[in-house]
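Fold and geometry: a report
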Amino acid sequence: MNGRPLSIAVPKGRILKALAPLFSRAGLDVGPLVADDRRLVRDDAAGRLRYVFLKPDDVPTYVEYGAVDLGIAGRDTLLEKKADLYTPLDLGIGRCRLAVAGPRGKRAPDVPRVATKYPRVTAEFFATRGIQAEVIPVSGSVELGPLVGLSDLIVDVVETGKTLEENDLEVRETVAEVSTMLIANRAAYKLRAAEIRPLCEAIARVVAEGSAV
């Protein structure tokens, strides 16, 4: 075993609720993962696993630069960041889609303004369709864009579609299907293979069992 715990970056927020039982079934100590405290770095009881709590957008950066060995990130974040990483496993949780949406029944102009938290993905998506969209990066409630005239369309993550419906918006196109991925630093994946691969295999078995139910 390496001298330090195997570190894994986990995103703060809703994904943790689905991640903890999955990790538990794979044999990981999830006590630190679900502990009700404010520590951002937490080791398990055996000192073999270290959880590092980050904002979802920061997880790929910490993994790419080797600050942590592994991470949990949404496919939407990975598409936007384009970090140099391994993505050994789809965890099958947090399934949703990245979609183009706009005001119900209203046609967008030929050169639309598009508000989004995903400017790179959005620009590439419209470019592949021959549309030179004006992409407007925002970080708050993207749905507000068309309501106040900031944008004609939005590109955002859609789960149930209820928020769109309540704001009189509708999905126009799917940009990408999204789920939660286990990601790995390239160097760590090779140097710590004896620790990382059995962990990946255990989690993969749990994911396979869940998808077979």
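To keep things clear, this report deals only with the structure shown in the data block. Here the structure is a predicted model, which is why all the values come from computation and not from measurement.

1. Concerning the pairing of strand β1 (residues 6-11)
Counting buried residues along β1, six of its six residues qualify, which places the element largely inside the surrounding structure. Because side chains alternate across β1, one face comprises the buried residues Leu-6, Ile-8 and Val-10, and the other comprises Ser-7, Ala-9 and Pro-11, equally buried. In terms of strand pairing, β1 meets strand β3 (residues 49-54) through six bridges, oriented parallel. For Ile-8, the partnering residue across the bridge sits in β3 and is Tyr-51. Sheet analysis places β1 next to strand β4 (residues 70-74), joined by two bridges and oriented parallel. When the sheet's bridge partners are listed, Ile-8 is paired in β4 with Leu-70.

2. As for the side chain of Thr-180
Within the element layout of this structure, Thr-180 appears in strand β11 (residues 180-184). Assessed through its relative accessible area of 3%, Thr-180 is described here as buried. Here Ile-93 takes part through its backbone oxygen, which lies 2.9 Å from a polar atom of the side chain of Thr-180. Residues within four places of Thr-180 in sequence aside, it is in contact with Ile-15, Ile-72, Ala-73, Gly-74, Leu-89, Asp-90, Leu-91, Gly-92, Ile-93 and Gly-94.

3. Focus: the layout of surface pockets
Its boundaries defined by the atoms lining it, the largest pocket holds a volume of some 660 Å³. Lining the largest pocket are 27 residues, with Pro-56, Asp-57, Asp-76, Thr-77 and Tyr-118 sitting closest to its centre. Contributions of two or more residues to the lining of the largest pocket are made by β4, α4 (75-81) and β9 (153-158). With four residues, the single largest contributor to the lining of the largest pocket is α4. Grouping the amino acids of the lining of the largest pocket by side-chain chemistry returns 10 nonpolar, seven polar and 10 charged. Its volume calculated, the second largest pocket comes out at about 300 Å³. The wall of the second largest pocket is formed by 13 residues, among which Leu-28, Arg-48, Leu-49, Glu-195 and Leu-199 lie closest to the centre. For the lining of the second largest pocket, the element with the most residues is helix α9 (residues 193-212), which contributes four residues. For the lining of the second largest pocket, a count of residues per class yields eight nonpolar, one polar and four charged.

4. Brief notes about the pattern of salt bridges
If you walk through the whole model with that rule in mind, you get 15 salt bridges. A salt bridge links Arg-75 to Asp-90, with the shortest nitrogen-to-oxygen separation between them at 3.3 Å. Placement of Arg-75 in helix α4 and of Asp-90 in strand β5 (residues 86-90) is noted, with a sequence separation of 15 residues between them. For Glu-170, the salt bridge identified is with Arg-104, shortest N-O distance 3.8 Å. Within this pair, whereas Glu-170 is found in strand β10 (residues 169-178), its partner Arg-104 is found in the loop between β6 (96-103) and β7 (113-116), the two being separated by 66 residues in sequence. By relative accessible area, Glu-170 is classed as partly exposed at 25%. Here the salt bridges share partners, and the residues they tie into one network are Arg-4, Asp-69, Arg-192 and Glu-195.

Conventions used here
- Residues numbered from 1 in each chain as written.
- Predicted model: local features only at pLDDT ≥ 70, side-chain atom pairs only at ≥ 80, totals over all residues.
- Heavy atoms only, no water.
- Buried < 20%, exposed > 50% of the residue type's maximum accessible area, 1.4 Å probe, protein only.
- Helix = DSSP H or I, 4+ residues; strand = E, 2+ residues; numbered from the N terminus.
- Pairing = 2+ DSSP bridges.
- Polar contact = N/O pair within 3.5 Å; in protein donor to acceptor, adjacent residues only side chain to side chain.
- Contact = heavy atoms within 4.5 Å.
- 1 Å grid on protein atoms, 1.4 Å probe; cavity = no way out; pocket = protein on both sides within 12 Å on 5 of 7 lines; lining within 4 Å.
- Points joined across faces, edges and corners; volume = space filled by probe spheres on them.
- Nonpolar A, V, L, I, M, F, W, Y, C, P; charged D, E, K, R; others polar.
- Salt bridge = Lys/Arg side-chain N within 4 Å of Asp/Glu carboxyl O.

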